[in-house]
Amino acid sequence: MSTVTVEERDDRVVVTLKRPDARNAVNMEMIGDLHDVCALLEASPKPMLLTGSDGVFAAGADIAELAARGREEALQGFNSRLFDRVSRLPQPTVAAVDGYALGGGAELAFACDIRIASQTAVFGNPEPGLGIIAAAGACWRLAGLVGASVAKQVLLGGIRLDAERAHQLGLVADVVPAVELPGAAHKLLDRMARSSAAALRLTKLVVDSPGGHPHVDDLAQAVLFETTDKRDRMARFLDGGRAR
Ligand code: COA
């Protein structure tokens, strides 16, 4: 893969966006690489940590490619289909955002389950300034994350959310100095690694399932209640050991 690096560990996969010359803008090559990452994580589910590099998360979809696209390409939804696939990965995903997460870069971060930011993180969707809409999730996913009022400030007003505001809004879980970002993100993944992988997977499915509540919650719980892992974890807790 030429636009991302992938580090596979026992309990997580660390994916780093690497197109330094274009501020990690998401081009077709990166879309292909990230689809390969998705295929890996679907075949062998693990939590994913997604990061940028060189002080930038991603500066958007690649504008040189966007400029050449027409209606047919828009209808193929290159970015939206990838980000949808990312959002449906079986295990939790964490975006560690340092610096700019703009346009498609912001939408990629919004597609992850949890975001954690450095003090220099900036989220924004400047697409209307380029004559287009944020068509890869921001128009609906951002409203789901921070409410329609703030989403419209970003999408219509061109207002950028700095790390502090993003934290106040709950868009990011924490804000730390850039040097501490990898450590803070890994700490979050460490906590996940101590949880039951089956419980995390089913929790994510339940949280993301539209309109199926409460039946889908009961179904997921019914599956988990039958596992040895659940019995062992509860027995450990009741014996005085900590469950997590
Ligand atoms: N698509 C394609 N190339 C991009 C890009 C994008 N989204 N964002 C940055 N680049 C390229 C620039 O064209 C430049 O290339 P060059 O060195 O060949 O001229 C290089 O990355 C560095 O960009 P530059 O603007 O000089 O960096 P900067 O640090 O001064 O500014 C940004 C960083 C992110 C503020 C600025 O690049 C920017 O505004 N990018 C576009 C953001 C955007 O509108 N995204 C929405 C796209 S839908």
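Since the structure is predicted, the reported quantities are computational estimates derived from the model, not experimental observations.

(A) Layout of the site of the ligand. Inspection of the region around the ligand gives 15 residues, with D21, R23, A59, A61 and I63 positioned closest. Within the side chain of R23, a nitrogen or oxygen atom sits 3.1 Å from an oxygen atom of the ligand. Take A61: an N or O atom from its main chain is 3.0 Å from a nitrogen atom of the ligand. Within the complex, 57% of the 860 Å² of free accessible area of the ligand lies under protein. For the shell around the ligand, the elements supplying multiple residues, two or more each, are α2 (63–67) and β5 (100–102). Tallied by class, residues from the shell around the ligand come to ten nonpolar, one polar and four charged.

(B) Structural context of the domain arrangement of the chain. Its domain assignment divides the chain into domain 1 (4–193) and domain 2 (197–238). Summarising the inter-unit geometry, the C-alpha centres of domain 1 and domain 2 are found 27 Å apart. Carbon and sulfur atoms supply 48% of the area buried between domain 1 and domain 2, which totals about 570 Å² over both sides. Remark: the boundary between domain 1 and domain 2 carries one salt bridge. The partner of K204 in a salt bridge is D113, and the shortest N-O contact between them spans 2.8 Å. Taken together, domain 1 and domain 2 are joined by five residue pairs in polar contact (both at pLDDT 80 or more).

(C) Here's a closer look at the pattern of salt bridges. A full pass over the atoms with the stated rule returns ten salt bridges. Between R19 and D62 there is a salt bridge, with the nearest N and O atoms lying 2.8 Å from each other. One end of the pair, R19, is in the loop between β2 (13–17) and α1 (28–43); the other, D62, is in the loop between β3 (48–51) and α2, and 43 residues separate them in sequence. An identical accessibility class is assigned to R19 and D62; each is buried. The salt bridge involving R141 is made with D84; its shortest N-O contact spans 3.2 Å. With R141 in helix α6 (residues 138–146) and D84 in helix α4 (residues 78–87), the pair connects residues that are 57 residues apart, well separated along the chain. A residue is classified by how much of its surface remains accessible, and R141, at 10% relative accessible area, is buried. When its relative accessible area of 27% is taken as the criterion, D84 is described as partly exposed. If you follow the salt bridges from partner to partner, you end up with D11, R12 and D190 in one network.

(D) Seen up close, the environment of S196. Assignment of secondary structure puts S196 in the loop between α9 (181–194) and α10 (197–207). The exposure class assigned to S196 is buried, which follows from its relative accessible area of 10%. Taking C-alpha positions, S196 is 39 Å from L75, a pair spaced 121 residues apart along the chain. Sequence-distant contacts of S196, that is, excluding residues within four places in its chain, are made with D229 and R233. Among the polar contacts listed, one links the side chain of S196 to the backbone nitrogen of A199, at a separation of 2.9 Å.

(E) Structural view of the state of the cysteines. Applying the stated criterion across every chain, the model contains zero disulfides. For the unlinked cysteine C112, the closest cysteine sulfur is that of C38, found at 9.6 Å. The class of C112 is buried, set by a relative accessible area of 3%. With no disulfide partner, C139 has as its closest neighbouring cysteine sulfur the one in C112, 18 Å distant. Classification of C139 as partly exposed rests on a relative accessible area of 42%.

Thresholds applied
- Residues numbered from 1 in each chain as written.
- Predicted model: local features only at pLDDT ≥ 70, side-chain atom pairs only at ≥ 80, totals over all residues.
- Heavy atoms only, no water.
- Near = heavy atom within 4 Å.
- Polar contact = N/O pair within 3.5 Å; in protein donor to acceptor, adjacent residues only side chain to side chain.
- Areas by Shrake-Rupley, 256 points an atom, 1.4 Å probe, with all protein chains shown as cover.
- Helix = DSSP H or I, 4+ residues; strand = E, 2+ residues; numbered from the N terminus.
- Nonpolar A, V, L, I, M, F, W, Y, C, P; charged D, E, K, R; others polar.
- Domains from an automatic or database assignment.
- Buried area = accessible area lost by both parts, 1.4 Å probe.
- Salt bridge = Lys/Arg side-chain N within 4 Å of Asp/Glu carboxyl O.
- Buried < 20%, exposed > 50% of the residue type's maximum accessible area, 1.4 Å probe, protein only.
- Contact = heavy atoms within 4.5 Å.
- Disulfide = S-S within 2.5 Å.

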